[in-house]
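Each chain, written out:
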Amino acid sequence: MPDIRRRRETDNRMTDVFTKEKRSRIMAAVKGKDTSIELVVRKRLHRMGFRHRLDNGHLPGNPDLTFRSPKIAVFVNGCFWHGHSCKRGSRIPKTNKDYWLKKIERTVERDRRNRRTLESSGWRVCVVWECDMERGIDAIINQLQKKP
Ligand SMILES: [Zn+2]
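Quick summary incoming for the structure in this document. All of these numbers come straight from a predicted model, not from anything done at the bench. (Residues numbered from 1 in each chain as written. Predicted model: local features only at pLDDT ≥ 70, side-chain atom pairs only at ≥ 80, totals over all residues.)

### So, the overall build of the chain
Thought 1: Assigned secondary structure in the chain consists of 4 helices and 3 strands.
Thought 2: Counted from the first residue to the last, the chain has its helices and strands arranged as α-α-β-β-α-β-α.
Thought 3: Across the 148 residues that make up the chain, the buried fraction comes to 19%.
Thought 4: Within the chain, residue pairs in contact and separated by at least 24 positions form 56% of the contacts whose partners lie at least 6 positions apart. (Helix = DSSP H or I, 4+ residues; strand = E, 2+ residues; numbered from the N terminus. Buried ≥ 20, exposed ≤ 12 C-beta atoms within 10 Å, placed from the backbone. Contact = placed C-beta atoms within 7 Å.)

This is the structure in C-alpha cells:
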C-alpha cells in the first residue's frame, strides 16, 4: 500500500514538470522570442553535465550555445522567425504578408549560409526547433556523447 502511494507521488511530480515546460514553451511562442526555449535547452544540458561556452560572438550566426570538444554549435530557433516547415512556422500574418515572407526568407537564407560556413570550419551544427525541443535536445546529447 505505501509503495503504491509513493509511486503516485512521483508520477504527479513528473506531470508537474512537464506542465511547467509546456507552459514556458507556450510563453515563448506568445512573445515571439527564442530566449525562453534557449534557456530551457541550456538548463537541461547543464543539468546533464554538458558545459557550454558563452563567448561565441565571433562565430557566424551567433550560435546560442557552443561546445568545444567536439565542436558543436547549437541554434535554438523559433519556428515563425526561422521559417520552420511545421504548423507554427507556416502561419504567416495576413497583414503585411509580403513583408513577413521576405523577412523570413532572408532569415532562412542567412541560416543556411551560416551553417555552411560553420560546417566548413569543422563545426557540427545542431538546431533545436521551438516545436520539437525534446528531439532537438536529444540530438545534441547524441552528438556530444560521440567522440570528436
Ligand atoms: Zn517548428
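That was the structure; now back to the text.
### Section: the nonpolar core
Thought 1: Among the nonpolar cores identified, the biggest contains 16 residues, and I72, A73, V74, V76, C126, V128 and I140 are the most heavily contacted of them.
Thought 2: Going through the elements one at a time, α2 (35-47), β1 (65-67), β2 (72-77), β3 (124-129) and α4 (133-145) are the ones with two or more residues in this core.
Thought 3: Beyond its immediate stretch of four places on either side in the chain, I72 contacts T66, F67, W123, R124, C126, I140, Q143 and L144. (Core = buried A, V, L, I, M, F, W, Y, C linked by C-beta atoms within 7 Å.)

### Let's talk about the pairing of β3
Thought 1: Pairing analysis gives 6 bridges linking β2 to β3, with the strands arranged parallel. For V76, the partnering residue across the bridge sits in β3 and is V128.
Thought 2: In terms of handedness, the path from β2 via helix α3 (residues 97-120) over to β3 forms a crossover that is right-handed. (Pairing = 2+ DSSP bridges. Right-handed = clockwise from strand over helix to strand, strands pointing away.)

### Quick notes on unusual backbone geometry
Thought 1: The amide bond that connects S69 to the next residue, P70, takes the cis arrangement and shows omega of 5°.
Thought 2: Topologically, P70 is positioned in the loop between β1 and β2.
Thought 3: Here the phi dihedral of N62 falls at roughly 45°; this positive angle occurs in a residue that is not glycine.
Thought 4: Residue N62 is classed as exposed on the basis of its 12 C-beta neighbours within 10 Å.
Thought 5: Within the chain, N96 stands out as a residue other than glycine whose phi angle is a positive 55°.
Thought 6: For N96, the position within the fold is in the loop between β2 and α3.

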